Amino acid sequence: MQEAEFLALPEEKPYLEYVDGVVLQKTTPNEDHAILVGELIIEIGLYVRRNGGKVGPENRVRMPGGSGCRLPDSSFWGPGRPRANGAPPSLAIEVRSPDQTMAELRRKCRSFRENGVDACWLIDPVARTVEVFEGDLDAHPLPADGALECAVMPGFSLALTALFAVLDR
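Computed from a predicted model, the values in this text were never measured in an experiment.

Draft legend 1. Highlighting the overall build of the protein chain. Check the secondary structure of the protein chain and you find 4 helices and 12 strands. Relative to its 169 residues, the protein chain shows a buried fraction of 43%. Accessible area for the protein chain stands at about 8,400 Å²; split by element, carbon and sulfur atoms hold 51% of it.

Structure, rendered in structure tokens:
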């Protein structure tokens with residue numbers, strides 16, 4: 001399938017991704033996945049109110065040269081960064097669902113980074129771990145007492161303990 005054919009498909013759930021000519025069905029999230037994505041959108045949304053930018057779930061990111069269209073679970077675009085037409089976000093966030101492997105999500109984060117995304121966070125709700133892809137960091141594990149921080153979001157900090165605490169409510 002060509003990219004133009006993929007883009008002509010209706011957008012309906014479950015969402016589809018397009019990778020190297022192959023259409024893939026995006027995994028349906030479970031409750032923990034949805035809770036974490038919601039919490040991240042709230043926290044980043046508060047940051048956006050103070051500092052500008054945009055945040056949103058599952059916005060399509062088009063890879064250059066027609067090689068793919070991917071959907072991060074959530075994204076942040078820094079102030080002044082275009083969001084329309086599949087433009088890459090400043091930050092992409094992936095939350096692992098039970099039927100996804102960390103290896104496949106690491107590949108996805110690396111693909112985002114190779115195609116204009118400044119940083120990617122990979123979150124595993126079961127293991128309650130986070131890996132960071134930013135600058136020279138590639139799948140860099142954060143310590144359990146660490147915090148989500150990102151160069152494209154100066155001043156933003158969310159303790160992992162606070163993030164994962166929402167799963168225990």
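Draft legend 2. Representation of the pairing of strand S10 (residues 137-141) within the structure. Of the pairings in the sheet, the one linking strand S9 (residues 129-134) to S10 comprises 3 bridges and is antiparallel in character. Among the inter-strand pairings, Val132 is bridged to a residue of S10, identified as His140. Turn length for the S9-S10 hairpin, with the two strands adjacent in sequence and antiparallel, is 2 residues, and the turn residue Gly135 shows positive phi of about 55°.

Draft legend 3. Quick peek at the pattern of salt bridges. Scanning all chains against the criterion turns up 6 salt bridges. Here Arg96 and Asp124 are joined by a salt bridge, their closest N and O atoms 3.2 Å apart. Taken together, the residues Arg96 in the loop between strand S7 (91-95) and helix H3 (102-114) and Asp124 in strand S8 (residues 119-124) connect sequence positions 28 residues apart. Taken as a pair, Arg96 and Asp124 share a single burial class, namely buried. A salt bridge links Asp138 to Arg110; the nearest nitrogen and oxygen atoms lie 2.7 Å apart. Taken together, the positions of Asp138 in strand S10 and Arg110 in helix H3 put the pair 28 residues apart, joining distant regions of the chain. On the basis of relative accessible area, Asp138 is assigned to the partly exposed category, the value being 43%.

What counts, and at which threshold
- Residues numbered from 1 in each chain as written.
- Predicted model: local features only at pLDDT ≥ 70, side-chain atom pairs only at ≥ 80, totals over all residues.
- Heavy atoms only, no water.
- Helix = DSSP H or I, 4+ residues; strand = E, 2+ residues; numbered from the N terminus.
- Buried < 20%, exposed > 50% of the residue type's maximum accessible area, 1.4 Å probe, protein only.
- Areas by Shrake-Rupley, 256 points an atom, 1.4 Å probe, with all protein chains shown as cover.
- Pairing = 2+ DSSP bridges.
- Salt bridge = Lys/Arg side-chain N within 4 Å of Asp/Glu carboxyl O.

Functional significance is not addressed by these values, which are geometric in nature.
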